[in-house]
Amino acid sequence: MRQRWVSVLICAAVSAAATTACGSGGASQTPDGKTELTIATFNEFGYEDLFKEYEAAHPDVKITQRKTGQGQPHHQNLFTKLGAGSGLADIEAIEEGYLSQVMAKAGQFNDLKEIGPKIEDGRWLQWKTDAVTTKDGKLIGYGTDIGPLAMCYRKDLFQQAGLPSDPEGVKALFSTWDSYFAAGDQFIAKVPGVAWFDSAAQVFNAMHNQHKVGYYDRDDKLVVETNSDIKADWTAVTGAVTKGQSARLAAFSNEWNTGFKLGKFATKTCPSWMLGVVESQAGPENKGKWAVTDAFPNGGGNWGGSYLSVPKQSKNAKKAAELAAWLTAPDQQIKAFKAKGTFPSQVKALDAPALLEQTNAYFGDVKAGALFAVQAKKVTAAQYKGPKDGEIQETVFSPALQSVEQGKNADEAWRTAVQGAEKAAK
Amino acid sequence: MTAVLPEVGRGREQEPLPQPARRYRLSKLDNKVSPYLFVAPFFVLFGAIGLFPLLYTAYVSLFDWEVGADDPAFIGLDNYRTLFQDAQFWKALFNTFSIFVLSSAPQIVVAVAIAALLNENLRARTGWRMGVLLPYVASLVALTIIFGNLFGPQYGLVNTVLSAVGISPVDWQASTFGSHVAIASMVNWRWTGYNALIVLAAMQAIPREVHEAALVDGAGSLRRFFSITLPMLKPTLIFVIVTSTIGGLQIFTEPKLYEPSGGSGGGAEHQYQTVVLYLYQTAFQGLDLGYASSIAWVLFLIVIAVAGLNFLITRRAVR
């Protein structure tokens, strides 16, 4: 009896200590002798048709995509398997919010200048490449997309509120954050039951990303408390929440999806990749109601954008780098843009007629390509991201803003956020 | 004079009969070693995937160890010191016990009641008995996502129903108690039927004679239930309580997937983050393996303490 209890106890503790880490060291060869290249992405990269195209041109290659719904679990998986030393795909997508964490472990990724094919100079916007180059000059990733910000809004709800609703007319509302929140006050007074924006964190992140300095300064020192820009953003957003401008829907949650379907908020901060998300969540029944305009409070901004990297774990690093280089060439990136709205980071692609003429039927046949190209040019440089930038945004500031939406005092929540950031950065 | 006969070499008698002796030794060895060999696979496996990680976790917990870091720094018991001052850890511990009580207590009462019903002469008895096991068969992840939708704060079915009958809706995510109730309801949904079947098996093992004797003495069915059935179920009930303690203190999937987009924080203010979820967040989001290991060890000790307490109660109860 006693002994059985001991083993039960030990087993219990073991299962408490052991957490899910499911590795899948795949074979790199398919039964018919092809080289299998795996590529791990999150959200929508728009590569599905490109894979077929590449496979048709390279009969010896079979591409398998591992697709994760959200960035967070994808990167969690990436870092866990980096630590474990195996289980990663041949090509791993990296979102810019996690880039600094990756750069701290740059030794575990291949230098694409060394193993990759020769790539023409100046393929990417300079800041895009700079962010992924190590201090000793190694290139860790090929740029895929960027996230120039525009504003999406519900035309029908704007009309209902007596606000201008044509793309030119709304620009005045979206010229500064002050005018944006002022319009919000007007809106919620006229249209009961509908909020001005979806979630405080979504607005805050967009505001925050416009600043040159964010949570960290360039020496990787945490400046959350001393950076007055962050506190100003916080005050503005939580003020709007208190007035009832937020629909209080955590982004990408089931309730957020329902909020899109039911039309529970009138505006949405829209990086280029968000168009695909809006379309799939709001669904065909809301077609023609959403519009997008080439204006964004306080100028432009960038939210997101990714890179393709080849971890040293890859057994087919050279072939993987070739595929990654091909996928991130201007022509392919334009096709991905057409498929899912991922906005190219390639200089040539920004001027390509195919991009400038690209329209989005869901958003009333707007010339989305040209629109976001205009927005992209408003971006001067990407914000510097410190080692725990992604974690602070997703596990500290977003929950803190959510707690304000759930009724917590804004000053208390701010203190929680600052402490949380310090704990995360430690 | 006696003739000294030369010794005739008679091999058969001279040789020390090697065959039987070896066989004997072998069989003795067989008797001694075989049992250990037969149980060895368990201990080898346990050593490799049980004991080794357990000890290695203790080792890692003494370092400032980040995933993939090249050179972790030895910091002694600092992780434990930090942990005992970590408000989030105490909150997680409170949440864990709160969810555990909210799930185990009603669950065991209901399980006994269901078992008592199933013990009656029902039509299609096997069907009913298998029916209560169905929630246990369903995938935990699917179950959690469905419950997460039902308990959605703004558009969830539970709140819609509450509003329809005139009760003000509850924010099942923001409120501490509300979220604990929601998560406990998932646990109850999954485990009540399972425990009911265990209790039912114990009920059927109660000798009929005892009941019949009570019947002759004029005891009603309620009296018989409380004076005979319940006391005789005690050992089984304690087994059920112990297993649900061990499971309950390690609850993870339900709070993790309660709001799938919310990461592993367990709510905006960690209002439903359990200890294992905090461990997971520390290890796989914060990538701080050293600190996570110290959480794992403290949880291990807590589980041992609680289960040890249960063991003492068991002994007293069985005696």
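Cut-offs and rules
- Residues numbered from 1 in each chain as written.
- Chains lettered and ligands numbered in written order.
- Predicted model: local features only at pLDDT ≥ 70, side-chain atom pairs only at ≥ 80, totals over all residues.
- Helix = DSSP H or I, 4+ residues; strand = E, 2+ residues; numbered from the N terminus.
- Rg over C-alpha atoms; globule rule 2.2 N^0.38 Å.
- Buried ≥ 20, exposed ≤ 12 C-beta atoms within 10 Å, placed from the backbone.
- Contact = placed C-beta atoms within 7 Å.
- Axes fitted to C-alpha atoms, helices over the stretch in contact; angles between N-to-C directions.
- Parallel < 35°, antiparallel > 145°, perpendicular 65-115°, else oblique.
- Nonpolar A, V, L, I, M, F, W, Y, C, P; charged D, E, K, R; others polar.
- Left-handed = near helix turned anticlockwise from the far one by under 90°.
- pLDDT = per-residue confidence, 0-100.
- Core = buried A, V, L, I, M, F, W, Y, C linked by C-beta atoms within 7 Å.
- Domains from an automatic or database assignment.

Asker: Can you explain the overall build of chain A? Please cite residues and give values.
Answerer: In terms of helices and strands, chain A carries 19 helices and nine strands. Relative to the globule expectation of 22 Å for 426 residues, the C-alpha radius of gyration of chain A, 23 Å, shows essentially globular dimensions. In terms of overall dimensions, chain A has C-alpha extents of about 70 × 65 × 45 Å along its principal axes. Across the 426 residues of chain A, 51% fall into the buried class. The long-range fraction of contacts in chain A, counting pairs at least 24 apart against all pairs at least 6 apart in sequence, stands at 75%.

Asker: Tell me what's going on with the overall build of chain B, and back it up with residues and numbers.
Answerer: Counting secondary structure elements, chain B contains 14 helices and two strands. Computed over the C-alpha atoms, the radius of gyration of chain B is 30 Å, more than 25% above the 20 Å expected from 2.2 N^0.38 for a compact globule of 319 residues. When the 319 residues of chain B are sorted by exposure, 34% land in the buried category. In chain B, 68% of the contacts between residues at least 6 apart in sequence involve partners at least 24 apart.

Asker: Residue-level account of the packing of helix H11 (residues 254–262) of chain A against helix H12 (residues 274–282) of chain A, with values.
Answerer: Each pair of packed helices can be described by the angle between their axes along with the distance between the axes. All names here are of chain A. One way to put it is that H11 packs onto H12 with a least axis distance of 8 Å and a crossing angle of 75 degrees. Taken as axis vectors, H11 and H12 run roughly perpendicular relative to one another. Of the residues in H12, those touching H11 at Asn 257, Phe 260 and Lys 261 are Val 278, Gln 281 and Ala 282. Taken together, the residues of the contact of H11 with H12 sort by class into three nonpolar, two polar and one charged.

Asker: Describe the interface of chain A and chain B, and please don't skip the residues or the numbers.
Answerer: Counting residues at the interface gives 36 residues for chain A, matched by 38 residues for chain B. Mapped onto the side of chain A that touches chain B, the elements with two or more residues apiece are helix H1 (2–17), helix H3 (71–84), H11 and helix H18 (389–405) of chain A. No other element matches the 10 residues that H1 of chain A contributes to the side of chain A that touches chain B.

Asker: Give a description of the packing of helix H9 (residues 176–204) of chain B against helix H11 (residues 221–248) of chain B that names residues and reports values.
Answerer: Residue and element names in this part refer to chain B. Taken N-terminus to C-terminus, the directions of H9 and H11 make an angle of 145 degrees; their axes are 9 Å apart at the nearest point. Handedness of the crossing formed by H9 with H11: right-handed. Of H11, the residues touching H9 (which contributes Trp 191, Asn 195, Ile 198, Val 199, Ala 202 and Met 203) are Thr 229, Leu 233, Thr 236, Val 240 and Ser 244. Taken together, the residues of the contact of H9 with H11 sort by class into seven nonpolar, four polar and no charged.

Asker: Could you give an account of the confidence of the model for chain A, with specific residues and numbers?
Answerer: Residues and elements named next belong to chain A. For chain A, the average pLDDT comes to 87, and 93% of its residues sit at 70 or higher. Within chain A, the element-level pLDDT minimum falls on H1, averaging 40, and the maximum on strand E5 (residues 195–197), averaging 97. For residues 1–27, every residue scores under 50 in pLDDT, and the model assigns this stretch 44 contacts once sequence neighbours within four places are set aside.

Asker: With reference to specific residues and values, describe the nonpolar core.
Answerer: The biggest cluster of nonpolar side chains holds 115 residues, and the ones touching the most others in it are Ile 91 and Ala 324 of chain A. With seven residues, the single largest contributor to this core is strand E4 (residues 141–154) of chain A. Residue contributions to this core reach at least three from each of two domains, namely domain 1 (30–146 + 304–356) and domain 2 (147–303 + 376–425) of chain A. Setting aside its immediate chain neighbours within four residues, Ile 91 of chain A contacts Leu 37, Ile 39, Leu 308, Val 310, Ala 320, Leu 323 and Ala 324 of chain A. Core analysis: the second largest hydrophobic core is formed by 42 residues, Phe 147, Leu 249, Phe 284 and Trp 297 of chain B among them.

Asker: How would you summarise the domain arrangement of chain A if you had to cite specific residues and measurements?
Answerer: You'll often see interface size given as the accessible area lost when the parts meet. Residues and elements named next belong to chain A. The assigned domain composition of chain A is domain 1 (30–146 + 304–356) and domain 2 (147–303 + 376–425). Every contact between the two is made by 22 residues of domain 1 and, on the other side, 20 residues of domain 2. Of all elements in the fold, only helix H4 (99–104), E4 and strand E8 (302–309) reach the threshold of two or more residues within the side of domain 1 that touches domain 2. With four residues, H4 is the largest single contributor of residues to the side of domain 1 that touches domain 2.

Asker: Quick one: what's the story with the environment of Leu 99 of chain A, residue by residue and with numbers?
Answerer: Residue and element names in this part refer to chain A. Inspection of the secondary structure puts Leu 99 in helix H4. Distance in space between the C-alpha atoms of Leu 99 and Gly 304 is 11 Å, their sequence separation being 205 residues. In this structure Leu 99 touches Ile 94, Ala 131, Val 132 and Lys 385, once residues within four positions along its chain are discounted.

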